[in-house]
Amino acid sequence: MTTPPESAPAYSTQLAGSLSTLMNLWWSPAFHAGMVSAAGEDVGVTEARLLWELGSLGVARPGELAARVGIGAPSITKAIGKLRSRGLVTQQTTDDDRLLSDQAAEGKRVTQRLYDVGDTLV
């Protein structure tokens, strides 16, 4: 482990520093990959992130999911397609022709497993 130099910027409270450390860990790609692997579910990190988002949002448009996860339209289309083919999400068109994504029962089970692994790791 590296030690920052004495002149390095620092938070004024230990709580803020600890929360920053936790957030950096929680959002790191390696941590996400480890959580997905520990869950033992056959989904990739991007698909797991979409399930996490749908778990908190309930129903969302693909564009909203793409923005929340930080990926483009082609990637969201591909990821949702993978999840749909496995029966983890469903999609429906609304009266105003907006496509909405929602979790299927199996998707909710997988998402809960991902949440459970997160709880254990925290």
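All values derive from a computational prediction rather than experimental measurement. (Residues numbered from 1 in each chain as written. Predicted model: local features only at pLDDT ≥ 70, side-chain atom pairs only at ≥ 80, totals over all residues. Heavy atoms only, no water.)

Undergrad: Even after reading the chapter, I still don't get the pairing of strand S3 (residues 99-103), so can you show me in this structure?
TA: Moving residue by residue along a regular strand, the side chains alternate between the two faces of the sheet. The sheet contact formed by strand S1 (residues 59-60) and S3 spans two bridges and is antiparallel. By the bridge assignment, Ala 60 is partnered in S3 with Ser 101. Both strand S2 (residues 89-93) and S3 contribute to a ladder of five bridges, which runs antiparallel. Each residue of the ladder has a partner; that of Thr 93, found in S3, is Leu 99. (Pairing = 2+ DSSP bridges. Helix = DSSP H or I, 4+ residues; strand = E, 2+ residues; numbered from the N terminus.)

Undergrad: Honestly, the packing of helix H3 (residues 45-57) against helix H5 (residues 73-85) in this entry has me stumped. Any pointers?
TA: Packing of H3 against H5 brings their axes to within 10 Å, and their N-to-C directions diverge by 80 degrees. Our classification of the angle between H3 and H5 gives roughly perpendicular. Taken together, the residues of H5 that come into contact with H3 (itself represented by Thr 46, Glu 47, Leu 50 and Leu 51) are Ile 76, Ala 79, Ile 80, Lys 82 and Leu 83. Partitioning the contact of H3 with H5 into residue classes produces six nonpolar, one polar and two charged. (Axes fitted to C-alpha atoms, helices over the stretch in contact; angles between N-to-C directions. Parallel < 35°, antiparallel > 145°, perpendicular 65-115°, else oblique. Contact = heavy atoms within 4.5 Å. Nonpolar A, V, L, I, M, F, W, Y, C, P; charged D, E, K, R; others polar.)

Undergrad: Looking at this model, I keep getting lost on the confidence of the model for the protein chain. Mind explaining?
TA: Detail in the predicted coordinates should be disregarded across regions flagged by low pLDDT. Confidence along the protein chain averages 87 in pLDDT terms, with 95% of residues attaining 70 or more. Here S3 stands out as the least confident element of the protein chain, with mean pLDDT 82; H5 is the most confident, with 92. (pLDDT = per-residue confidence, 0-100.)

Undergrad: When you look at the pattern of salt bridges in this model, what are you seeing that I'm missing?
TA: When the charged atoms of two side chains with opposite charge come close together, those side chains can pair. Evaluation of the coordinates by the stated rule reveals four salt bridges. Residue Lys 82 pairs with Glu 47 through a salt bridge whose shortest N-O separation is 3.7 Å. Residue Lys 82 is located in helix H5, and its partner Glu 47 is located in helix H3; the two are separated by 35 residues in the primary sequence. Given the relative accessible area of 42%, Lys 82 is considered partly exposed. Accessibility expressed as a relative area gives 9% for Glu 47, which makes it buried. Among the ionic contacts, a cluster of salt bridges with common partners joins Glu 41, Glu 106 and Arg 109. (Salt bridge = Lys/Arg side-chain N within 4 Å of Asp/Glu carboxyl O. Buried < 20%, exposed > 50% of the residue type's maximum accessible area, 1.4 Å probe, protein only.)

Undergrad: Any chance you could explain the sheet that holds S3 here in plain terms?
TA: Sheet strands pair by backbone hydrogen bonding; their relative direction is either parallel or antiparallel. Spatially, the three strands line up as an open sheet ordered S1-S3-S2, and their pairing is antiparallel. Both outer strands of the open sheet, S1 and S2, are each paired with one neighbouring strand and no more.

Undergrad: It is not clear to me how H5 should be interpreted in this structure. Could you clarify?
TA: Given 3.6 residues per helical turn, the α-helix brings residues three or four places apart onto the same face. In this model H5 runs 18 Å from its N-terminal to its C-terminal C-alpha over 13 residues, within 8% of the 18 Å that 1.5 Å per residue would give. Within the span of H5, buried status applies to Ile 76, Ala 79, Ile 80 and Leu 83. Projected down its long axis, H5 shows its buried positions confined to an angular sector of 95 degrees, all on one face. The outward face of H5, more than 90 degrees from its buried face, is lined by the exposed residues Pro 74, Thr 77, Lys 78 and Ser 85. Contacts from the buried residues of H5 go to H3, helix H4 (62-69), S2 and S3. Downstream of H5 by one or two residues, Gly 87 has phi in the positive range, about 75 degrees. (Expected span 1.5 Å × (residues − 1). Arc of directions from axis to C-beta.)

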